[in-house]
Amino acid sequence: MTIADDFDARFPGFDTTIRTTYFTIVEAIWAEYYCFDYTDETQEAILNLIAHLMLLESDPSNEPQHVKTSQSAGSVSVSFQAGDDSVLAQFYSTTKYGQRFWQLVSLKAGGGFFV
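Residues numbered from 1 in each chain as written. Predicted model: local features only at pLDDT ≥ 70, side-chain atom pairs only at ≥ 80, totals over all residues. Heavy atoms only, no water.

Caption draft 1: Spotlight on the environment of Lys96. Counting through the fold element by element, Lys96 comes out in helix H5 (residues 96-110). Classification of Lys96 by relative accessible area gives partly exposed; the value is 47%. Linking Lys96 and His52, residues 44 residues apart in sequence, is a C-alpha distance of 7.5 Å. (Helix = DSSP H or I, 4+ residues; strand = E, 2+ residues; numbered from the N terminus. Buried < 20%, exposed > 50% of the residue type's maximum accessible area, 1.4 Å probe, protein only.)

Here's what the structure looks like:
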């Protein structure tokens, strides 16, 4: 299977127009963001990275992406605070796919959890 096949299997509901327009572009550059080969161990991270980059590429505005810091619904309001304020963490926090990518690569870099 190819990365494109794996992507379609992993994200079957991904917007078809974005997928068709931006997949080839992002497939050519994802390694600039994550310098590991595409293997069984890196597949999930890379597919999430590709989805993240496609959403950013498809945004018609020239404005930077920002992390949502608060949300209101009726009389209820909630605020969020990011745990990692690095520029990279902020960049990857702008989409759910970027958040998943950041979690996956951060877990590998930080070692395992001990109970």
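Caption draft 2: Region of the structure containing the packing of aromatic side chains. Applying the stated criterion to the full structure yields 12 aromatic pairs. Summarising the aromatic geometry, the rings of Phe7 and Phe23 are spaced 5.6 Å apart at their centres and angled 55 degrees between planes, so their arrangement reads as tilted. With a gap of 16 residues between them, Phe7 in helix H1 (residues 3-10) and Phe23 in helix H2 (residues 16-27) connect regions that are remote in the sequence. Between Tyr92 and Trp102, the aromatic rings sit 5.5 Å apart at their centres with planes inclined by 20 degrees, giving stacked as the arrangement. (Phe/Tyr/Trp six-rings, centres within 6.5 Å; stacked < 30°, edge-to-face > 60°.)

Caption draft 3: Examining the confidence of the model for the protein more closely. In this model, the protein carries an average pLDDT of 85, and 77% of its residues clear a pLDDT of 70 or more. For the protein, per-element mean pLDDT is lowest for strand E1 (residues 70-73), which scores 65, and highest for H1, which scores 98. (pLDDT = per-residue confidence, 0-100.)

Caption draft 4: Representation of the packing of H1 against H2 within the structure. Two numbers describe how H1 lies on H2: the axes approach to 11 Å, and their chain directions differ by 130 degrees. Considered as vectors, H1 and H2 are oriented oblique to each other. The handedness of the crossing between H1 and H2 is right-handed. Where H1 abuts H2, its residues Ile3, Ala4, Phe7 and Asp8 lie against Arg19, Phe23 and Glu27. (Axes fitted to C-alpha atoms, helices over the stretch in contact; angles between N-to-C directions. Parallel < 35°, antiparallel > 145°, perpendicular 65-115°, else oblique. Left-handed = near helix turned anticlockwise from the far one by under 90°. Contact = heavy atoms within 4.5 Å.)

Caption draft 5: Inspection of the environment of Ile25 at higher detail. Of note, Ile25 is situated in helix H2. For Ile25, a relative accessible area of 41% corresponds to the partly exposed category. As for Ile25 and Glu57, which are separated by 32 residues in sequence, their C-alpha atoms are 9.1 Å apart.

Caption draft 6: View of the packing of H2 against helix H3 (residues 43-58). Where H2 meets H3, the axes come as close as 9 Å, and the angle between the chain directions of the two elements is 115 degrees. Here H3 runs roughly perpendicular to H2, going by the angle between their axes. Handedness of the H2/H3 crossing: right-handed. In this structure, H2 uses Ile18, Arg19, Tyr22, Phe23 and Val26 to contact H3, whose residues at the interface are Ile50, Leu53, Met54, Leu55, Glu57 and Ser58. Of the residues assigned to the contact of H2 with H3, the class counts are eight nonpolar, one polar and two charged. (Nonpolar A, V, L, I, M, F, W, Y, C, P; charged D, E, K, R; others polar.)

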